[in-house]
Amino acid sequence: MHVCMIVPNEAVKGGIASVVNGYRGSVLERHHRVTYIESYQDGSKWDKLKKAMKGYAAFRGLLGKDRPDLVHVHSSFGPSFYRKMPFILWSASRKIPVVNHIHGAEFDTFYGNASEAKQKLVRKVYGRCTRLVVLSEEWAARLQQIVPRGKIDILENYCRIPEEPFDTGRDKKQVLFLGELGERKGCFDIPAVWERVKEKCPSASLVMAGDGEMARVREAFSQRGLAKDVSFPGWVRGEEKERLLRESGIFLFPSYHEGMPMAVLEAMGYGMGIVTTAVGGIPQLIAHGQSGFLETPGDLGAMAEDVSALIQDEALCCSMGALARQTVEEKYSLKIHLQKLEEIYRKACLKK
């Protein structure tokens with residue numbers, strides 16, 4: 001089967017690029033002929049516009065010269081919806097099956113609180129898709145407002161599991177955050193959490209790895225006199241990210257809205273003690289009190305208690321981390337993910 005996949009540039013920061021980059025060179029390419037068309041890159045608005053225009057031109061050329069059997073669109077909410085809309089409509093008009101793989105996390109802002117005209121447009125575009133792929137049962141339930149449940153597939157994100165030893169040089173008192181520094185990820189809650197942690201565990205350290213509103217987050221720590229034991233390495237990838245995952249004992253991720261975050265899956269794969277929130281697909285990953293701690297977003301006291309407990313009780317941290325790693329090995333490997341994806345392709349093509 002010839003699959004055309006609409007993707008971001010490999011160097012883009014964020015979960016969608018992380019998911020797609022795992023497809024490159026995988027068994028998926030041995031089973032299917034995959035053409036990747038990039039429609040997004042980081043940079044200025046002009047850079048993003050040029051990338052989108054090049055993507056549209058490349059796709060139109062492909063439709064004329066080497067028509068794909070299926071189009072797999074990776075999309076989100078907000079601007080991503082509008083960027084991907086032409087790919088979906090052009091494909092549907094030519095009766096090419098479209099799998100719309102939706103990675104977004106803020107459905108209410110995107111659709112629930114939108115104008116009637118925008119809701120109508122979303123229903124139209126999603127209605128042209130053959131299959132809609134979401135990351136969790138929660139998101140499937142929300143998407144049922146737009147399309148029949150029978151058109152929706154759940155495909156959880158995956159973890160590329162590191163081989164043993166995966167915790168070389170681990171500092172049990174080092175806490176790690178990975179992701180965009182901003183409101184949605186709960187980053188402005190972390191200073192208050194960290195203040196309480198430091199009262200109980202004065203030798204603990206924190207790494208805030210990511211970019212976004214870094215200056216504001218730094219200032220929030222400084223205002224509490226906490227800047228000394230917090231480092232900001234910026235956005236990390238490759239060997240640098242692997243090093244932080246290996247050497248940190250605890251993963252703190254107090255997000256307010258999620259699909260199924262790759263960062264949590266990665267922390268699980270590295271056997272870390274995890275403190276996060278019960279949003280999006282995260283409750284599918286973490287069993288509260290067994291493979292990690294799940295709290296309500298904004299419950300700063302509970303999260304501080306959880307982090308402190310993991311720092312103070314090494315055996316608890318290790319046992320939770322071991323179960324988290326076992327969970328991704330059994331349920332969230334790339335192999336399992338790709339098997340499910342190929343089944344979605346099969347269902348989409350049956351509709352031709």
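If you're wondering where the values come from, they're calculated on a predicted model, not measured in any experiment.

Caption draft 1: The packing of helix α11 (residues 262-269) against helix α14 (residues 314-331), seen in detail. For the pair α11 and α14, the least separation of the axes is 7 Å and the interaxial angle reads 115°. Comparing their axes, α14 and α11 come out roughly perpendicular. In contact with Leu265, Met268 and Gly269 of α11, α14 contributes Gly321, Ala324, Arg325, Thr327 and Val328.

Caption draft 2: Representation of the sheet that holds strand β4 (residues 98-102) within the structure. Taken in spatial order, the six strands make up an open sheet running β2-β1-β3-β4-β5-β6, and their pairing is parallel. Among the strands making up the open sheet, the edge pair consists of β2 (33-40) and β6 (152-154). For this sheet the average axis-to-axis angle between neighbouring strands, irrespective of direction, equals 20°. Sheet analysis places strand β1 (residues 2-8) next to strand β3 (residues 70-75), joined by four bridges and oriented parallel. Its bridge partner lying in β3, isoleucine 6 is registered against valine 73.

Caption draft 3: Summary view of the packing of aromatic side chains. Considering all chains together, one arrives at 15 aromatic pairs under this definition. Ring centres of phenylalanine 81 and tyrosine 82 lie 5.1 Å apart, and the angle between their planes is 80°; this geometry places the pair in the edge-to-face category. According to the relative accessible area criterion, tyrosine 82 is partly exposed, its value standing at 36%. An aromatic cluster of three or more residues is present, and its members are Phe77, Phe81, Tyr82, Phe110, Tyr126 and Trp139. The side chain of arginine 60 reaches across the aromatic face of tryptophan 90, ending 4.6 Å from its centre.

Caption draft 4: Local environment of the pattern of salt bridges. Taken as a whole and assessed by the stated rule, the structure comprises 21 salt bridges. For arginine 131, the salt bridge goes to aspartate 153, with nearest N and O atoms at 2.8 Å. Of this pair, arginine 131 sits in strand β5 (residues 131-134) while aspartate 153 sits in strand β6, placing them 22 residues apart in sequence. Overall, the relative accessible area of 6% leaves arginine 131 in the buried class. Exposure remark for aspartate 153: the relative accessible area of 6% places this residue in the buried category. Linking glutamate 258 and arginine 184 is a salt bridge whose minimum nitrogen-to-oxygen distance equals 3.6 Å. Taken together, the residues glutamate 258 in the loop between β10 (248-253) and α11 and arginine 184 in the loop between β7 (171-178) and α8 (190-200) connect sequence positions 74 residues apart. On the basis of relative accessible area, arginine 184 is assigned to the partly exposed category, the value being 26%. Through salt bridges with shared partners, one network takes in Arg131, Asp153 and Lys347.

About the cut-offs
- Residues numbered from 1 in each chain as written.
- Predicted model: local features only at pLDDT ≥ 70, side-chain atom pairs only at ≥ 80, totals over all residues.
- Heavy atoms only, no water.
- Axes fitted to C-alpha atoms, helices over the stretch in contact; angles between N-to-C directions.
- Helix = DSSP H or I, 4+ residues; strand = E, 2+ residues; numbered from the N terminus.
- Parallel < 35°, antiparallel > 145°, perpendicular 65-115°, else oblique.
- Contact = heavy atoms within 4.5 Å.
- Pairing = 2+ DSSP bridges.
- Phe/Tyr/Trp six-rings, centres within 6.5 Å; stacked < 30°, edge-to-face > 60°.
- Buried < 20%, exposed > 50% of the residue type's maximum accessible area, 1.4 Å probe, protein only.
- Lys NZ or Arg CZ within 6 Å of the ring centre and 35° of its normal.
- Salt bridge = Lys/Arg side-chain N within 4 Å of Asp/Glu carboxyl O.

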